[in-house]
Amino acid sequence: MYPPSRKDFISLTLSDPHSHTYNNGKHRRQSCWRKWKQLSRLQRSLILFLLALLLIFGLLSYPSITEQWRGLSDREDWLELNDKELKTILPGVKSLLDGAADKAPAPVAGPHVEPALVPDAGPGVGLDAVVEPRGPDIPILAKPPTKKKTFLNKRSPPNLQKDGNISDTVGGEKQEQEAIQDGDGEEEDKAKKIVSWRGAMIEADQATEPPPSADGKEAVAPPPPANPANTVPLEVSAGAVDRLEAVRDAFRHAWKGYKDYAWGHDELKPISKSFGEWFGLGLTLIDSLDTMWIMGLKEEFAEAKNWVEKELSFNKNVDVNLFETTIRVLGGLLSTYHLTGDQLFLEKAKDLGSRLMPAFKTPSKIPFSDVNIGKGTAHPPRWTSDSTLAEVTSIQLEFRELSRLTQEPQYQEVVNEVMKLVHKLPGKQDGLVPMFINTNSGQFTHKGVFTLGARADSYYEYLLKQWIQGGKTEDELLEDYLQAVEGVKKHLVRQTGPSRLTFVGELSHNRFNPKMDHLVCFLPGTLALGAHNGLPGDHMDLAVELIETCHQMYKQMETGLSPEIVHFSLQAGDGRDVVVKPADRHNLLRPETVESLFYMYRFTKDTKYRDWGWDILQSFNNYTKVPDGGYTSINNVRDPVNPGPRDKMESFFLGETLKYLYLLFSDDMELLSLDKYIFNTEAHPVPIWPSPPK
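Residues numbered from 1 in each chain as written. Predicted model: local features only at pLDDT ≥ 70, side-chain atom pairs only at ≥ 80, totals over all residues. Heavy atoms only, no water.

With respect to the overall build of the protein chain
Part 1 of the argument: Helix and strand counts for the protein chain stand at 20 helices and 22 strands.
Part 2 of the argument: Relative to its full complement of 694 residues, the protein chain shows a buried share of 56%.
Part 3 of the argument: Nonlocal contacts in the protein chain, meaning residues at least 24 apart in sequence, comprise 69% of its contacts between residues at least 6 apart.
Part 4 of the argument: Of the roughly 30,800 Å² of accessible surface on the protein chain, a fraction of 52% belongs to carbon and sulfur atoms. (Helix = DSSP H or I, 4+ residues; strand = E, 2+ residues; numbered from the N terminus. Buried < 20%, exposed > 50% of the residue type's maximum accessible area, 1.4 Å probe, protein only. Contact = heavy atoms within 4.5 Å. Areas by Shrake-Rupley, 256 points an atom, 1.4 Å probe, with all protein chains shown as cover.)

Okay, structure coming up:
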């Protein structure tokens, strides 16, 4: 064994007279100063001159630095660098500048910036002006052209590109939008947006045909409503025309993603550039048929029709949800038949309707939730024998219309029987109904819980709409609807403490919960529709208050998009009206608020409802648009830097959300007139039946 080696050393501690720890930083600074003083005056002047010259050349050669600096504060004026201002900024080197004027390159002025914000924009604001949806951080794209450029750096959406088939995206990058403004007013019929997301440049699809007429009339058969020959010049109704075209562009972008990565499948996964399958019935394609027809997208419609004709088959061994298949597929086929007059869609609807009928073969006549359209068998969910009330009472518009068209009464008979049973059931509270009903006993289950949100919402909607559809002759439906509205006002309507916003909460065994689903935002439109059809005027008063609350659910979020669920503050000192729990912060591209905005504008002509819809469309474009096509649901509406894409575009985004936005911005009040058509809960219009002779 070797002995451990010895290490001799001396420890020396130096301290000043006041016992402070020794620090030689001061001595180093003094040493540097001595070296500087040792230089001659000529050497020091030369060094200072070179440093000043480098600073000047740096500023003159890189004006983009000022662009990036401006992005940090969108309220500051653009910094324009020129020779005069540089002398003002650097007075200490004025003499050096004068002496080097002959040698230095000519100063480069900063880019001229046309204002992108229009503070007093009126209700008819188009793409060339800004409507601020929630604050200064969400700009609206200017109208095209190519001469003067303004770079707006705003709160960024997430990185919407990723590798593999991963559903969620990590990280976020700042988004830059380039709004291009034409000082000479040229090429006003085009709209262009270039967005940079992690270096990817995306150019919005250009219109394939002229914008629709602002006053053209829609026929309930070909050709599509757009009438290029009678197009109104943009300056006459620029706001309406530009907004219509913006919705068409959004649809084209969504459709591009679906066509490229999910053609013929149920749903697009835009982040992973793949698809999701639910029933294997091309849900997105069929949900979009009438939207394309209404927007006059002839080429896209022709492609989709060809797929329906050659590829769509219901003869397959697959379980489908009765409710979802009825409102999306059966409703989509029926509405497209009415708009086009093409028998292809009616034949497909008849085939599907007959295959859904086994769902009604239950002891109670309350239908099962699931049916195998190939085998002709039906069953409840695996975990329960209950069906949700909304599902069994929100298929009536479609089945009744199928009977009227085919003259086969069985479809209407089975759904009418459901309504008669529910009408007589005990367990209601002032017209409010529980969320579940048993398919064996035909009785309500989970009694005492009342909501206008998920599992019950469209029951109330279809009470009114069936009454209107049938010519206002079915008194039981009207009775149930009026009683339900009174129950809502008595038990569920409250106001927030801070701003006195009116909202609809939930009741659980007589305990009130200030919770409201985004789904409840269908209610303002439904109330307005009832008032339009002669129901009490206070229904419209409540509708006006509720649509303001739904608007605030968007406006008070950092992304300008509403969460799936909100809670409201009841105490005046709480500060915020809207409270969002972490699990409720997602947005699924839902249509309920823009649906109600459409109804409210049609009945009041108040342009603020159009402006609110425009704000929502811009927020969808800012935070959910995916560069290579499609839009995605997001996880967090409170985080504009990384909203967290969910990699899913619901079919109702094309079937409902964009359709209602288009109708909201259209000046043609006869385009699907609400005195002639009723919309199902998936936004598919079917005709109102003529009133029977008295």
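Topic: the pattern of salt bridges
Part 1 of the argument: Going through the model one piece at a time under the given rule, you end up with 27 salt bridges.
Part 2 of the argument: Taking the shortest distance from any N to any O, the salt bridge between Lys 256 and Asp 260 comes out at 3.1 Å. Taken as a pair, Lys 256 and Asp 260 lie in helix H6 (residues 238-261) at a separation of 4 residues, close to a single helical turn.
Part 3 of the argument: Taking the relative accessible area as the measure of exposure, Lys 256 reaches 33% and is therefore partly exposed.
Part 4 of the argument: Close ionic contact of Asp 628 with Lys 273 constitutes a salt bridge, the shortest N to O distance being 2.6 Å. Placement of the pair is Asp 628 in the loop between helix H19 (608-623) and helix H20 (651-665) and Lys 273 in the loop between strand E5 (267-269) and strand E6 (274-276), with a sequence separation of 355 residues.
Part 5 of the argument: Take Asp 628: its relative accessible area is 28%, and that puts it in the partly exposed class.
Part 6 of the argument: Assessed through its relative accessible area of 39%, Lys 273 is described here as partly exposed. (Salt bridge = Lys/Arg side-chain N within 4 Å of Asp/Glu carboxyl O.)

Digging into the nonpolar core
Part 1 of the argument: Counting residues in hydrophobic clusters, the biggest one holds 151 residues, and the most contacted among them are Phe 360 and Phe 399.
Part 2 of the argument: Not counting residues within four places of it along the chain, the set of residues in contact with Phe 360 comprises Leu 322, Lys 365, Pro 367, Ile 395, Phe 399, Val 414, Val 415 and Val 418. (Core = buried A, V, L, I, M, F, W, Y, C linked by side-chain atoms within 4.5 Å.)

Things to note about the state of the cysteines
Part 1 of the argument: Going through the model one piece at a time under the given rule, you end up with 1 disulfide.
Part 2 of the argument: The partner cysteine of Cys 521 in its disulfide is Cys 550, sulfur to sulfur 2.1 Å. Measuring handedness by torsion sign, the sulfur bridge of Cys 521 and Cys 550 sits at about -105 degrees and is left-handed. Placement of Cys 521 in the loop between strand E18 (515-517) and helix H16 (523-532) and of Cys 550 in helix H17 (residues 538-555) is noted, with a sequence separation of 29 residues between them. The same class applies to Cys 521 as to Cys 550, namely buried. (Disulfide = S-S within 2.5 Å.)

Things to note about the sheet that holds strand E10 (residues 386-388)
Part 1 of the argument: The 3 strands are arranged E10-E11-E12 in an open sheet whose pairing can be described as antiparallel. Each edge of the sheet is formed by a strand with only one pairing partner; in this case those strands are E10 and strand E12 (444-445). (Pairing = 2+ DSSP bridges.)

As for helix H10 (residues 343-356)
Part 1 of the argument: For H10, spanning 14 residues, the distance from its first C-alpha to its last is 20 Å, which sits close to the expected 20 Å at 1.5 Å a residue.
Part 2 of the argument: Residues of H10 that are buried include every one of Leu 344, Phe 345, Leu 346, Lys 348, Ala 349, Leu 352, Gly 353, Arg 355 and Leu 356, and no others. (Expected span 1.5 Å × (residues − 1).)

Re the environment of Lys 625
Part 1 of the argument: Inspection of the secondary structure puts Lys 625 in the loop between H19 and H20.
Part 2 of the argument: A residue is classified by how much of its surface remains accessible, and Lys 625, at 10% relative accessible area, is buried.
Part 3 of the argument: C-alpha of Lys 625 to C-alpha of His 253: the two residues are 372 residues apart in sequence and 8.5 Å apart in space.

Some details on the environment of Tyr 601
Part 1 of the argument: Tracing the backbone shows Tyr 601 in helix H18 (residues 592-604).
Part 2 of the argument: Note on Tyr 601: relative accessible area 8%, which makes it buried.
Part 3 of the argument: Measuring from C-alpha to C-alpha, the distance between Tyr 601 and Leu 663 comes to 9.9 Å, with 62 residues separating the pair along the chain.
Part 4 of the argument: Not counting residues up to four positions away in its chain, the partners in contact with Tyr 601 are Asp 606, Thr 607, Tyr 609, Arg 610, Leu 664 and Met 669.

Brief notes about the confidence of the model for the protein chain
Predicted coordinates in areas of low pLDDT are best not read in detail.
Part 1 of the argument: Across the protein chain, pLDDT averages 78, with 69% of residues at or above 70.
Part 2 of the argument: Here residues 1-29 is modelled with pLDDT under 50, and outside its nearest four sequence neighbours on either side it reaches 3 contacts, counting other chains as well.
Part 3 of the argument: Within the model, pLDDT remains below 50 along residues 64-238, and this stretch shows 331 contacts once partners closer than five positions in the same chain are excluded. (pLDDT = per-residue confidence, 0-100.)

Considering the packing of aromatic side chains
Part 1 of the argument: Overall, the coordinates contain 21 aromatic pairs when judged by the stated rule.
Part 2 of the argument: Relative to Tyr 460, the ring of Tyr 459 has its centre 4.9 Å away and its plane inclined at 75 degrees; by these criteria the two rings are edge-to-face. This pair shows no difference in class: Tyr 459 is buried, exactly as Tyr 460 is.
Part 3 of the argument: Grouping aromatic residues by their ring pairs yields a cluster made of Phe 598, Tyr 599, Phe 603, Tyr 660 and Phe 679.
Part 4 of the argument: Here the guanidinium or amino end of Arg 494 rests over the ring plane of Phe 512, the centre of that ring lying 4.2 Å away. (Phe/Tyr/Trp six-rings, centres within 6.5 Å; stacked < 30°, edge-to-face > 60°. Lys NZ or Arg CZ within 6 Å of the ring centre and 35° of its normal.)

Digging into the packing of helix H13 (residues 410-424) against helix H15 (residues 475-492)
Part 1 of the argument: At their nearest, the axes of H13 and H15 sit 11 Å apart, and the two run at 45 degrees to each other. When the interaxial angle is binned, H13 and H15 end up oblique. The handedness of the crossing between H13 and H15 is left-handed. Side by side, H13 and H15 meet where Met 419, Lys 420 and His 423 of the first sit next to Glu 476, Leu 477, Glu 479 and Asp 480 of the second.
Part 2 of the argument: Looking at side-chain class alone, the contact of H13 with H15 contains 2 nonpolar, 1 polar and 4 charged residues. (Axes fitted to C-alpha atoms, helices over the stretch in contact; angles between N-to-C directions. Parallel < 35°, antiparallel > 145°, perpendicular 65-115°, else oblique. Left-handed = near helix turned anticlockwise from the far one by under 90°. Nonpolar A, V, L, I, M, F, W, Y, C, P; charged D, E, K, R; others polar.)

Topic: the sheet that holds strand E13 (residues 449-450)
Part 1 of the argument: The antiparallel open sheet is built from 3 strands, whose spatial order is E13-E16-E17. Of all strands in the sheet, those bounded by a partner on one side alone are E13 and strand E17 (511-513).
Part 2 of the argument: Pairing between E13 and strand E16 (residues 506-508): 2 bridges, direction antiparallel. When the sheet's bridge partners are listed, Val 449 is paired in E16 with Ser 508.
Part 3 of the argument: Relative to the sheet, H15 contacts E13, E16 and E17, its axis offset from that of E16 by approximately 75 degrees.

Quick look at the environment of Leu 588
Part 1 of the argument: Among the secondary structure elements, Leu 588 is positioned in the loop between strand E20 (578-579) and H18.
Part 2 of the argument: By relative accessible area, which is 12% here, Leu 588 ends up buried.
Part 3 of the argument: Residues Leu 588 and Leu 561, 27 residues apart in the sequence, show an inter-C-alpha distance of 9.9 Å.
Part 4 of the argument: Beyond its immediate sequence surroundings of up to four residues, Leu 588 is in contact with Glu 564, Ser 633, Arg 646, Glu 650 and Phe 652.

Looking at H13
Part 1 of the argument: Given a rise of 1.5 Å per residue, 15 residues ought to cover 21 Å, and the 22 Å separating the end C-alpha atoms of H13 matches this to within 8%.
Part 2 of the argument: For H13, every residue scored as buried is listed here: Tyr 411, Val 414, Val 415, Asn 416, Val 418, Met 419, Val 422 and His 423.

A word on unusual backbone geometry
Excluding glycine, most residues fall at negative phi; most peptide bonds, likewise, are trans.
Part 1 of the argument: Of note in the backbone geometry, Leu 589 takes a positive phi value of approximately 65 degrees without being a glycine.
Part 2 of the argument: Relative to the assigned elements, Leu 589 resides in the loop between E20 and H18.
Part 3 of the argument: Taking relative accessible area as the criterion, Leu 589 reaches 0% and is therefore assigned buried.
Part 4 of the argument: Phi at Asp 647 takes a positive value of approximately 60 degrees, unusual for a residue other than glycine.
Part 5 of the argument: When you line up the elements, Asp 647 lands in the loop between H19 and H20.

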